[in-house]
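Geometric and topological summary
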Amino acid sequence: MRVVVAIFAIGGLLIAGAFALGVAIEQHPAGRPSAAPTPVDGRCRPPEGPLNLAEPDPVAAERVTVAWERVERWLVDNAAATSASWNAPASRTEMIGLQRDLGVRLPTALVVSLGRHDGVRLDGFSFPPAYQPLTVREIRTTVTEVCADPNWREGDVPFAKGESGNFLYLHDGAVYRYPAMQHHADDVVDLLDRTAARLEGANPAEYRPEVDALGRLRWVRE
């Protein structure tokens, strides 16, 4: 009797072992390669950028400042809710951190702009037709999202987001649209001046400003 019990016990152990081995083989089938890590484009890991901000050229900085003042003045007078939706200015530390992570020195126009407003809150100001200025954090995130795109050029800096993944970015000082990679404006000052002219009604354009009952600016196609 004891012999029979022992035989059954040994048989049970052998079956359990075989079952465990089968599970292991099923989980790690022979000949099935493990998933290879996704290669990381070198542009997604740029070398560390400058740890100090370049001192903006006074003339260039003044042009950006004056252009922003035109836009802001119109909003104060005509679109109170949009005028109140700016974020606080980005600090020099935040902008230096962005430079470090992007591996490129920030253009003067962007430094001046972020130094006025670190982007906007929900339903804030937008360049026509619907490009809202990005925050420092959003600039970093946007680059992370598109850096592996073979059409994306290393060193370009996004600064305003549109709809469905569209955004405006700076390339050698000029403004382009992503993903079309099409020229949009000669520089930030040109973009701001044309936006201000549209707000002031001095420049016939494809889009015109409209302010709703809550004091929020919208751009309407002509």
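Keep in mind it's a predicted model, so treat the numbers as computed, not measured.

1. So, the sheet that holds strand β1 (residues 132–133)
Here we have five strands laid out as an open sheet, ordered β1-β2-β3-β4-β5, and antiparallel in their pairing. Pairing within the sheet leaves two strands with one partner each, and these edge strands are β1 and β5 (182–185). Here β1 runs beside strand β2 (residues 157–161); their pairing, made up of two bridges, is antiparallel. When the bridges of β2 are listed, Q132 appears paired with K161. Taken strand by strand, helix α6 (residues 136–146) contacts β1, β2, β3 (167–171) and β4 (174–178), and its axis lies near 110 degrees from that of β2.

2. Some remarks on the packing of helix α4 (residues 92–102) against α6
Orientation of α4 relative to α6, taken along the N-to-C sense of each, is 5 degrees, at an axis distance of 10 Å. Classified by the interaxial angle, the pair formed by α4 and α6 is roughly parallel. Residues E94, G97, L98, D101 and L102 of α4 lie in contact with α6, whose contacting residues are V136, I139, R140 and V143. Across the contact of α4 with α6, the residue classes break down as five nonpolar, one polar and three charged.

3. Remarks on the side chain of D118
With respect to the element layout, D118 can be found in the loop between α5 (108–114) and β1. No salt bridge is formed by the buried D118; its nearest oppositely charged neighbour, R137, is found at 7.6 Å. Of the polar contacts made by the side chain of D118, one reaches the backbone nitrogen of V136; its length is 2.7 Å. Residues within four places of D118 in sequence aside, it is in contact with N87, A88, P89, A90, L134, T135 and V136.

4. As for the layout of surface pockets
Vacant regions in the atomic arrangement are exposed by a probe of water-molecule size rolled over the atoms. The space that makes up the largest pocket amounts to roughly 280 Å³. If you go around the largest pocket, you meet 19 residues; those closest to its centre are P107, T108, A109, D172 and G173. For the lining of the largest pocket, the secondary structure elements donating two or more residues are α2 (58–78), α5, β3 and α7 (188–200). Looking at which element gives the most residues to the lining of the largest pocket, the answer is α2, with three residues. Per-class residue counts for the lining of the largest pocket are nine nonpolar, four polar and six charged. Considered as a void within the structure, the second largest pocket measures approximately 220 Å³ in volume. As for the second largest pocket, its lining consists of 13 residues, of which G124, S126, A130, Q132 and R218 are closest to the centre. For the lining of the second largest pocket, the element with the highest residue contribution is strand β7 (residues 217–221), accounting for three residues. Residue classes in the lining of the second largest pocket are distributed as five nonpolar, four polar and four charged.

5. A look at the pattern of salt bridges
Counted by the stated rule, this structure contains 15 salt bridges. The partner of E72 in a salt bridge is R116, and the shortest N-O contact between them spans 2.6 Å. Of this pair, E72 sits in helix α2 while R116 sits in the loop between α5 and β1, and the two are 44 residues apart along the sequence. Given the relative accessible area of 23%, R116 is considered partly exposed. Close ionic contact of R216 with D212 constitutes a salt bridge, the shortest N to O distance being 2.8 Å. A relative accessible area of 24% places R216 in the partly exposed class. If you follow the salt bridges from partner to partner, you end up with D123, D212, R216 and R218 in one network.

What counts and what doesn't
- Residues numbered from 1 in each chain as written.
- Predicted model: local features only at pLDDT ≥ 70, side-chain atom pairs only at ≥ 80, totals over all residues.
- Heavy atoms only, no water.
- Pairing = 2+ DSSP bridges.
- Helix = DSSP H or I, 4+ residues; strand = E, 2+ residues; numbered from the N terminus.
- Contact = heavy atoms within 4.5 Å.
- Axes fitted to C-alpha atoms, helices over the stretch in contact; angles between N-to-C directions.
- Parallel < 35°, antiparallel > 145°, perpendicular 65-115°, else oblique.
- Nonpolar A, V, L, I, M, F, W, Y, C, P; charged D, E, K, R; others polar.
- Buried < 20%, exposed > 50% of the residue type's maximum accessible area, 1.4 Å probe, protein only.
- Lys, Arg positive; Asp, Glu negative; His and termini not counted.
- Salt bridge = Lys/Arg side-chain N within 4 Å of Asp/Glu carboxyl O.
- Polar contact = N/O pair within 3.5 Å; in protein donor to acceptor, adjacent residues only side chain to side chain.
- 1 Å grid on protein atoms, 1.4 Å probe; cavity = no way out; pocket = protein on both sides within 12 Å on 5 of 7 lines; lining within 4 Å.
- Points joined across faces, edges and corners; volume = space filled by probe spheres on them.

Keep in mind these numbers describe shape, not what the thing actually does.
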